[in-house]
Amino acid sequence: FSFNLAADCNAVLKALQPIFQEQGMTETVHNWEDHGYLVTYIKKNGSFANLRIHPHGLVLVDLQSYNDDMKGREEVDQLLNKVEERMKELFHDNIKRVKRLPAILRGGVIDRYWPTADGRLVEYDIDEVVYDEDSPFQNIKILHSKQFGNILILSGDVNLAESDLAYTQAIMGSGKEDYTGKEVLILGGGDGGILYEIVKLKPKMVTMVASNIDQMVIDGCRKHMRKTCGDVLDNLKGECYQVLIEDCIPVLKRYAKEGRMFDYVINDLTAVPISTSPEEDSTWEFLRLILDLSMKVLKQDGKYFTQGNCINLTDALTLYEEQLSRLYCPVEFSKETVCVPSYMELWVFYTIWKKQTDI
């Protein structure tokens, strides 16, 4: 509850006390002269409520209940309804805003809460844990969402859902490229989505180097993400593609030494780091190295595609664009913003190419 004016803390407390007392809840009051009240109400079954009354005009009610059945939820709603009715009855002229948040289920068998890239908490409609394993490199989860289908989550980071064809199309050039007869290098992409879509376009050869994506990810996606990867992960070699489970840096160095060149390089390894803090330094160094090595194996008229990050992370995206001016060869770039369904946020994708020089 947000008041138009300063709140009469004592009046609010006296107004709400009977509601909690009717529930047989034990009351403890903490009073600070300049900072209002904190009141706790505890029920014998372990349920409790915190009532925080701020003198500047903010009243917070937090109710926690162990009951997870419908009856328990109805009791919670009834109690909150009574609180809201009483507050409006006594203070309606002074109440500026009332905001009730939905219940958060803590400790559930199925984890429905996952953060966005810019730090907002999203509650997904997850109804099933399809796959949950720890590999030597990371935790791998595939969870089912009623809206988005199966979602691949790696070490707590939402990677891709079966609904997210928009992501795959964006990192391939948004349908503007002709892959027929072309040589393509994919870095990462262990969910198989990019490979599956490119193979349909009849390239000459696609090499996917599944660096930082271990065999267990491929195995999990092959079984549980088939709407995304189709059958391309059933075998690591096909008529026009091969999948290498190797570190991409030695592979790129080897290709550069051999003079092997590609029409397209698609980097699906990692998003742009969100800061320059010490723990992010190694990721920035990794990205710069990948960029330089990729340019060395990219044909003069070739294109490099990669994801950026959430559109709200403007500082991180600006830092990434600054890196593009520090490569061994001059490059140009463009970017587009795409709505990725399961991310529930707009995502930035980059197209990078070597700057043409006059002869």
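This structure is a prediction, so every number in the text was calculated from the model and none was measured.

A description of the overall build of the protein chain should follow, citing residues and the corresponding values.
What the protein chain contains, in helices and strands, is nine helices and 19 strands. For a compact globule of 359 residues, the expected C-alpha radius of gyration is about 21 Å, and the protein chain comes in at 27 Å, more than 25% above that figure. Reported as C-alpha extents along the three principal axes, the dimensions of the protein chain are approximately 80 × 45 × 35 Å. In the protein chain, which comprises 359 residues, the proportion classed as buried is 46%. Long-range contacts, defined as pairs at least 24 residues apart, comprise 58% of the intrachain contacts of the protein chain with a sequence gap of at least 6. Summing over all exposed atoms, the protein chain offers an accessible surface of approximately 18800 Å²; the carbon and sulfur share of this is 49%. Between the centroid of the 40 positive side chains of the protein chain and the centroid of its 55 negative side chains there is a distance of 2 Å.

So, the domain arrangement of the protein chain: which residues are in play, and what are the values?
Split by domain assignment, the protein chain resolves into domain 1 (2-97) and domain 2 (162-354). One C-alpha centre belongs to domain 1, the other to domain 2, and the line joining them spans 52 Å.

Now, about the pairing of strand β17 (residues 298-310): what can you tell me, with residues and values included?
Two strands pair when backbone bridges link them, and strand β16 (residues 262-268) and β17 are joined in this way by five bridges, in the parallel orientation. Paired with Asn-267 across the two strands is Thr-306, which belongs to β17. Here β17 runs beside strand β19 (residues 345-354); their pairing, made up of five bridges, is antiparallel. Looking at the pairing, Gln-307 lines up with Phe-349 of β19.

Lay out the environment of Ile-110 with the relevant residues and their values.
Looking at the element boundaries, Ile-110 is found in the loop between β6 (95-97) and β7 (113-115). Taking the relative accessible area as the measure of exposure, Ile-110 reaches 25% and is therefore partly exposed. Every residue in contact with Ile-110, bar those within four places of it in the chain, is listed here: Ile-126, Asp-127, Glu-128 and Val-129.

Tell me about the UniProt feature "active site" (unreviewed entry) in the protein chain, and please be specific about residues and values.
Sequence positions flagged by UniProt for "active site" (unreviewed entry) are, in local numbering, Asp-268. Relative accessible area serves as the criterion here: at 10%, Asp-268 is assigned to the buried category. Excluding its chain neighbours within four sequence positions, the residues that come into contact with Asp-268 are Tyr-167, Ile-171, Leu-187, Gly-188, Gly-189, Asp-191, Ile-194 and Gln-307. One polar contact links Asp-268 to Tyr-167, side chain to side chain, over a distance of 2.5 Å.

Give me the lowdown on the sheet that holds strand β12 (residues 157-161), citing residues and values where you can.
On the basis of which strands lie adjacent, the open sheet formed by four strands has the order β9-β10-β11-β12 and antiparallel pairing. This sheet does not close on itself; its edge strands, each paired only once, are β9 (126-134) and β12. Each neighbouring strand pair of the sheet contributes to a mean axis angle of 25 degrees, computed without reference to strand direction. Direction of pairing for strand β11 (residues 149-154) relative to β12: antiparallel, over a ladder of four bridges. Paired with Leu-154 across the strands is Asp-157, a residue of β12. Lying on the sheet, helix α5 (residues 215-224) is in contact with β9, β10 (139-145) and β11; it crosses β9 at an angle near 150 degrees.

Now, about helix α9 (residues 314-323): what can you tell me, with residues and values included?
Buried within α9 are the following residues: Ala-316, Leu-317, Tyr-320, Glu-321 and Gln-323. Looking down the long axis of α9, one finds its buried residues gathered within 150 degrees of arc, a one-sided arrangement.

Each value, and the rule that gives it
- The residue count restarts for each chain, going from 1 along the sequence in the order it is written.
- Only residues with pLDDT of at least 70 get local features here, since the model is predicted, and only at 80 or more are side-chain atom pairs given and counted; chain-wide, interface and lining totals rely on the full set of residues.
- To get the side-chain values, all heavy atoms of the structure are used, and hydrogens and water are removed first.
- The secondary structure listing takes helices from DSSP runs of H or I that are at least 4 residues long and strands from runs of E that are at least 2 residues long, numbered from the N terminus.
- Radius of gyration here uses only the C-alpha atoms, and the compact-globule reference equals 2.2 Å multiplied by the residue count raised to the power 0.38.
- Each residue is placed in one exposure class: buried if its accessible area under a 1.4 Å probe, protein chains only, is under 20% of its type's maximum, exposed if it is over 50%, and partly exposed if it falls in between.
- Residue contacts follow a heavy-atom distance rule, with two residues in contact if any of their heavy atoms lie within 4.5 Å.
- Exposure was quantified through the Shrake-Rupley algorithm and a 1.4 Å probe, taking into account, for residues, occlusion by the shown protein chains and nothing else.
- Think of it this way: Lys and Arg go in the positive column, Asp and Glu in the negative one, and His and the chain ends go nowhere.
- For the purpose of locating charges, the reference atoms are NZ of Lys, CZ of Arg, CG of Asp and CD of Glu.
- Domain extents, as shown, originate in an automatic or database domain assignment.
- Any two strands with at least two DSSP-identified bridges between them are counted as paired.
- UniProt positions are given in the numbering used here, feature names are shortened, and annotations may be inferred rather than shown by experiment.
- Polar contact is the term for a pair of N or O atoms within 3.5 Å; when the atoms are in protein, one must be able to donate a hydrogen and the other to accept it, and sequence-neighboring residues count only if both atoms are side-chain atoms.
- Axes, fitted as lines to C-alpha atoms, cover a helix only where it is in contact. Angles between the N-to-C directions of the axes lie from 0 to 180 degrees.
- As used here, the arc is the angular range of directions from the helix axis to the C-beta atoms.

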